[in-house]
Amino acid sequence: MGKLKKVISRIPLMPALIIVMSFFIIVAVILSKTTMSFVSEKIQLIEAKYISVEQETEKVGESEYRVTHYIGRLPFSEEDKQAYDFYTMIYEYSSFFWCIVSIAIGAVIFYFGKLQKPIKLLINASENISDDNLDFVVDYSGNDELGQLCSSFEKMRLSLVDNNRTMWRMIEERRKLNKAFSHELRTPLTVMRGNVELLEKVYMRSDVSEEKKAAILSTVSKNIERIESYVYSMGTMSKLEDQPIQIKCTRTNDFSNQLEKTLEMLCQESGIESHFEIAAESENINVDANIIMQVFENIVSNAVRYAVKSITVSCCVSEDHLIISVSDDGTGFSEEELKTATAPYYTGNQNDSELHFGLGLYLCKILCEKHKGALKLTNNDGAGACVVASFSCK
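The rules we used
Residues numbered from 1 in each chain as written. Predicted model: local features only at pLDDT ≥ 70, side-chain atom pairs only at ≥ 80, totals over all residues. Heavy atoms only, no water. Phe/Tyr/Trp six-rings, centres within 6.5 Å; stacked < 30°, edge-to-face > 60°. Buried < 20%, exposed > 50% of the residue type's maximum accessible area, 1.4 Å probe, protein only. Lys NZ or Arg CZ within 6 Å of the ring centre and 35° of its normal. Helix = DSSP H or I, 4+ residues; strand = E, 2+ residues; numbered from the N terminus. Axes fitted to C-alpha atoms, helices over the stretch in contact; angles between N-to-C directions. Parallel < 35°, antiparallel > 145°, perpendicular 65-115°, else oblique. Left-handed = near helix turned anticlockwise from the far one by under 90°. Expected span 1.5 Å × (residues − 1). pLDDT = per-residue confidence, 0-100. Contact = heavy atoms within 4.5 Å. Pairing = 2+ DSSP bridges.

**Here we look at the packing of aromatic side chains**
In step 1: Enumeration according to the criterion identifies four aromatic pairs in this entry.
In step 2: Ring geometry for Phe23 against Phe24: centres 5.1 Å apart, planes inclined by 85°, an arrangement best described as edge-to-face.
In step 3: For Phe24, a relative accessible area of 13% corresponds to the buried category.
In step 4: One Lys or Arg, Arg157, reaches over the ring of Phe136 and ends 5.6 Å from the middle of that ring.

**Observations concerning the environment of Tyr306**
In step 1: In this fold, Tyr306 is placed in helix H7 (residues 289-306).
In step 2: Taking relative accessible area as the criterion, Tyr306 reaches 34% and is therefore assigned partly exposed.
In step 3: Spatially, the C-alpha atoms of Tyr306 and Asp328 are 7.4 Å apart, while their sequence positions differ by 22 residues.

**Examining unusual backbone geometry**
In step 1: The backbone of Asp132 shows a phi angle near 60°, a positive value even though the residue is not glycine.
In step 2: Relative to the assigned elements, Asp132 resides in the loop between helix H3 (78-130) and helix H4 (145-202).
In step 3: Despite not being glycine, Lys372 has its phi angle at roughly 55°, a positive value.
In step 4: The class for Lys372 is exposed, based on a relative accessible area of 66%.

**Brief notes about the packing of helix H2 (residues 13-49) against H3**
A packed helix pair is summarised by two numbers, namely the angle formed by the two axes and the spacing between the axes.
In step 1: Two elements in contact, H2 and H3, have axes separated by 8 Å at closest approach and are oriented at 165°. Here H2 lies roughly antiparallel to H3, going by the angle between them. Every pair of crossing elements has a handedness; the one defined by H2 and H3 is right-handed.

**Notes on H7**
In step 1: Taking 1.5 Å as the rise per residue, H7 with 18 residues should run 26 Å; its terminal C-alpha atoms sit 26 Å apart, in good agreement.
In step 2: Looking only at H7, the buried set comprises Ile291, Ile292, Met293, Val295, Phe296, Ile299, Val300, Asn302, Ala303 and Val304.

**Concerning the environment of Asn143**
In step 1: On the secondary structure map, Asn143 appears in the loop between H3 and H4.
In step 2: Residues Asn143 and Arg10, spaced 133 residues apart in sequence, show a C-alpha to C-alpha distance of 4.7 Å.

**A word on the confidence of the model for the protein**
In step 1: Residues at a pLDDT of 70 or more form 80% of the protein, whose mean pLDDT is 81.
In step 2: Below a pLDDT of 50 lies the segment residues 350-357, which in the model reaches 13 contacts outside its immediate sequence neighbourhood of four places, other chains included.

**Section: the sheet that holds strand S4 (residues 273-280)**
In step 1: One open sheet accounts for five strands, arranged S4-S6-S7-S9-S8; its pairing is mixed. The open sheet is flanked by S4 and strand S8 (374-379), the only strands paired with a single partner. Averaged over neighbouring strand pairs, the angle between their axes works out to 15° when direction is ignored.
In step 2: With seven bridges connecting them, strand S6 (residues 310-317) and strand S7 (residues 321-328) associate as antiparallel partners. Its bridge partner lying in S7, Ile311 is registered against Asp328.
In step 3: Of the strands in this sheet, S4, S6 and S7 touch helix H6 (residues 252-268), which is tilted by about 165° from S4.

See the structure below:
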């Protein structure tokens, strides 16, 4: 029975309906013939009781024959008349009756066998989605049209789950970014306020040199520039977060050459040796080259700042993923940096804080996730840091 149900579930709806209806029409014909045969016998028995005949002997030559003459039919009794009318009605309408009954039974069996479960699943799925509840599964194993529809619903549900997670992650990242931005903005504002108050006190005093006053104004000016830089960085991040992913088919060889040339250019400016290696399983990859180049340039630029002599880039290309690993021979990440280096406005070296706002790795993380990948920070076994960026190629 289980195998039969499995076979039936694989039959498309229209052929399945034709098979079911054909079977029950054949059943209706058989039942109609059987009923008409049975009723016909009953009618003949009743008629036989009321037929009036007359028999006589006729002589033809030397032979005699008994001849029966039909005279007529006698009136039925009340009971037999009712029975005769009943059987006659059954005889006339039995075909129509069995046809209707068979079609109705076939329709019921077809509904409960092919339609009820997937329709119920789809109705429940629609209600759950309308209630913003995605914690369910549309599980239907049929391979017919409704099975395909259920499969599409399940894919839609998984897509909505993924979109919701991405949306909540972006909201959380935005919340952290705003918090970090307000925290970083507080420092230059505090310095500016203090210097402005000091300038108000000494501006009209003759015992304070002009050099001292100019130094205070210079400090205020620098902090204004710093605030402007913070505001510009926020605008840059907003543009990157809103930047759509444009997947295009790119030749692996051309793309790897572009990566290698960019690595050499960035390393030559600082006198750092560069090593590039690639392992490719596919001649073409489907990626957003602009997004990947932004991530690559940020990671390499960060590595150049901390490298001592050399930087090594390893690239692995498959049909599903592109993985880029950038390693340097510097001091590597501290335990704290491994956890927080991708946070917005994080600067491990406070001496660099006036030039670098700690956005490089954070932006790389955002762009990797937009490309359905991830950014991972580790340390090499010997010495130095390693940043691994992965991107989906689907």
